[in-house]
Amino acid sequence: MSLAAAFKTLNRSPFVTWKSSGKLQQTVAKCVEKTGQGLHSGDVFTVKLLPAAARFGRCFIFRSTVIPASIDFAVKETPLCTTLSQGGYRVRTVEHLLSALEASGVDNCRIEIEGSGDYERSAEVPIFDGSSREWVEAINQAGLKVAVDSGGESCEKLAPYLSEPVLTMKNDSFIAAFPYPKVNITYAPIIGRQWFSSTLLDESFYSKEIASARTFCLYEEVEQMQKLGLIKGGSAETAIICSMSKGWLNPPLRYDDEPCRHKVLDLIGDMSLLAQQGNQGLLVAHIVAYKGGHSLHTEFVRQLLGISEKDDKASV
């Protein structure tokens, strides 16, 4: 496919213009394999990251079913995680892995997942310590290489640039984005009044300042989440826990503003669902988010692409 044809295929959004990033599409240089427990299922799963051809994109393979890491396959309103679905099969809690892949420049990757529990139609990416650090370290150890197609040709990576302001709101939460020549993310979480903002979201900055930020929860909400059948694999080793009356119950924090940084980590993972054909998913814009979550993040991506409810391919 020529560069002109790629532009034409991607041009389905009134808000996004695809431009050259000045980089070639990449993939992992060799297999990465990690095993761990799922946050919500509590089951143990093994994930393999395998090299893939240019324009393949990032796809999960579960029970011989290919589930593209694309917004077209993201399930709406899945609590406390991002879930992808295809043909009745699901892979959930994909956000930390996808964040690491997007930030590390792994544009094309075959992601095979299998487990040992009751997972006939549903799998889950391991939570590890609640951050994306283990994924980033494993990717760095494996290394990257230029992805090539079946003819041995490399492919230029395109990046999505915002062409006009966009606002997505739900109750008192919102994500707003404004045209800007660089990636700039400003985020405030539910816990505390801190804000985190940066324009330096390259691989090095992400690895040092974002990847280690862990997921968090309110202690007062834990029991309710357990009643809903969630966080079966959750513990003080997989998240930082805050009590409304006592503060942080398992200090120390890795950063003073760790919850804000983790929200940026999540947003990068969910924004990666904008990626198509091995191109960049992270929007080149100034993105401002307040009290967002995975459902709001994915709804924002849908709005960017002008996806209506009838266009959704994911099973609900």
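Per an unreviewed UniProt entry, the protein chain goes by UDP-3-O-acyl-N-acetylglucosamine deacetylase and derives from Castilleja foliolosa. Here the protein chain is described in UniProt, under the heading Cofactor (unreviewed entry), as follows: "Zn(2+)". Its UniProt record gives the protein chain a comment under Function (unreviewed entry), which states: "Involved in the biosynthesis of lipid A, a phosphorylated glycolipid that in bacteria anchors the lipopolysaccharide to the outer membrane of the cell. Lipid A-like molecules in plants may serve as structural components of the outer membranes of mitochondria and/or chloroplasts, or may be involved in signal transduction or plant defense responses."

## Some words on unusual backbone geometry
Negative phi values dominate among residues other than glycine, just as trans dominates among peptide bonds. Looking along the chain, the bond that leaves Pro251 and enters Pro252 is cis, with omega of 5 degrees. The topology assignment puts Pro252 in the loop between strand S19 (247-248) and helix H6 (258-271). Non-glycine residue Arg63 carries a positive phi angle of around 50 degrees. With respect to the element layout, Arg63 can be found in the loop between strand S5 (58-62) and strand S6 (65-68). For Arg63, a relative accessible area of 38% translates into the label partly exposed. One non-glycine residue, Lys291, adopts positive backbone phi at about 55 degrees. Within the secondary structure, Lys291 sits in the loop between strand S20 (286-290) and helix H7 (294-305).

## Observations concerning the environment of Asp266
Residue position: Asp266 is located in helix H6. Those residues in contact with Asp266 that lie beyond four places of it in its chain are Glu95, His96, His294 and His297.

## Here we look at the sheet that holds strand S17 (residues 216-218)
Within the open sheet, the 3 strands sit side by side as S17-S18-S19. Their pairing is mixed. The sheet is open, and its two edges are formed by S17 and S19, each paired on a single side. Relative to S19, strand S18 (residues 240-243) runs antiparallel, the two being bridged by 2 bridges. When the bridges of S19 are listed, Cys242 appears paired with Trp248. Sheet strands touched by helix H5 (residues 219-227): S17 and S18. Its angle to S17, the strand with the most contacts, is close to 90 degrees.

## Description of the packing of aromatic side chains
Tallied over the full model, the rule gives 4 aromatic pairs. With centroids separated by 5.9 Å and ring planes inclined at 85 degrees, the aromatic side chains of Phe62 and Tyr89 adopt a geometry described as edge-to-face. Taken as a pair, Phe62 in strand S5 and Tyr89 in strand S8 (residues 89-92) lie far apart in primary sequence, 27 residues in all. As far as burial versus exposure is concerned, Phe62 and Tyr89 are alike and both buried. For the pair Trp195 and Tyr290, a centre-to-centre distance of 6.0 Å together with 20 degrees between the ring planes defines the contact as stacked. Of this pair, Trp195 sits in the loop between strand S15 (184-188) and strand S16 (196-198) while Tyr290 sits in strand S20, and the two are 95 residues apart along the sequence. The exposure class of Trp195 is partly exposed, given its relative accessible area of 44%. On the basis of relative accessible area, Tyr290 is assigned to the partly exposed category, the value being 30%. Pairwise contacts between aromatic rings join Phe174, Trp195 and Tyr290 into one cluster. Note that Lys34 overlies the ring of Phe128, its terminal NZ or CZ placed 5.2 Å from the centroid.

## Remarks on the pairing of strand S3 (residues 32-37)
Side-chain alternation along S3 places Val32, Lys34 and Gly36 on a buried face and Glu33, Thr35 and Gln37 on a face that remains uncovered. As paired strands, S3 and strand S4 (residues 44-51) are joined by 6 bridges and run antiparallel to one another. Residue pairing across strands places Gln37 opposite Val44, the latter belonging to S4.

## Examining the pattern of salt bridges
Here the structure, examined in full by the defined rule, presents 12 salt bridges. The salt bridge involving Glu112 is made with Arg110; its shortest N-O contact spans 2.8 Å. Connected through shared salt-bridge partners, Asp129, Arg133 and Arg254 make up one network.

## Notes on the sheet that holds strand S13 (residues 166-170)
Strand order in the open sheet formed by 5 strands is S13-S14-S20-S15-S16, with mixed pairing between adjacent strands. Edge positions in the open sheet fall to S13 and S16, since each of these has one partner strand only. Each neighbouring strand pair of the sheet contributes to a mean axis angle of 5 degrees, computed without reference to strand direction. Bridge count between S15 and S20: 5 bridges; the pairing is parallel. Across the sheet, residue Ile185 finds its bridge partner in S20, namely Ile287. Contacts between H6 and the sheet are confined to S15, S16 and S20, with S15 contributing the most and set at about 125 degrees to the helix. Contacts from H7 reach S13, strand S14 (173-178) and S15 within the one sheet, and its direction differs from that of S13 by about 145 degrees.

Basis of the calculations
- The numbers attached to residues start from 1 for each chain and follow its sequence in the written order.
- Given that this is a predicted model, residues contribute local features only at a pLDDT of at least 70 and side-chain atom pairs are listed and counted only at 80 or more, while totals for whole chains, interfaces and linings are drawn from all residues.
- Processing note: side-chain calculations cover all non-hydrogen atoms of the structure and skip hydrogens and water entirely.
- UniProt positions are given in the numbering used here, feature names are shortened, and annotations may be inferred rather than shown by experiment.
- In this text, helices come from DSSP runs of H or I with a minimum length of four residues, and strands from runs of E with a minimum of two, each type numbered from the N-terminal end.
- Residue burial is assigned from relative accessible area. The probe radius is 1.4 Å, only protein chains are included, and a residue is buried under 20% of its type maximum, exposed over 50%, and partly exposed in between.
- Note on definitions: a residue-residue contact is assigned when non-hydrogen atoms from the two residues lie within 4.5 Å.
- Strands were regarded as paired on the criterion that DSSP finds at least two bridges between them.
- Axis lines are fitted through C-alpha atoms, for helices just across the contact stretch, and the angle between N-to-C directions can take any value from 0 to 180 degrees.
- Think of it this way: a Phe, Tyr or Trp ring, Trp meaning its six-membered ring, pairs with another when their centres are within 6.5 Å, and the plane angle makes it stacked under 30 degrees, edge-to-face over 60, tilted otherwise.
- Charge over a ring is defined by NZ of Lys or CZ of Arg lying within 6 Å of the ring centre and within 35 degrees of the ring normal.
- Between Lys or Arg on one side and Asp or Glu on the other, a salt bridge is scored when a side-chain nitrogen of the former is within 4 Å of a carboxyl oxygen of the latter.

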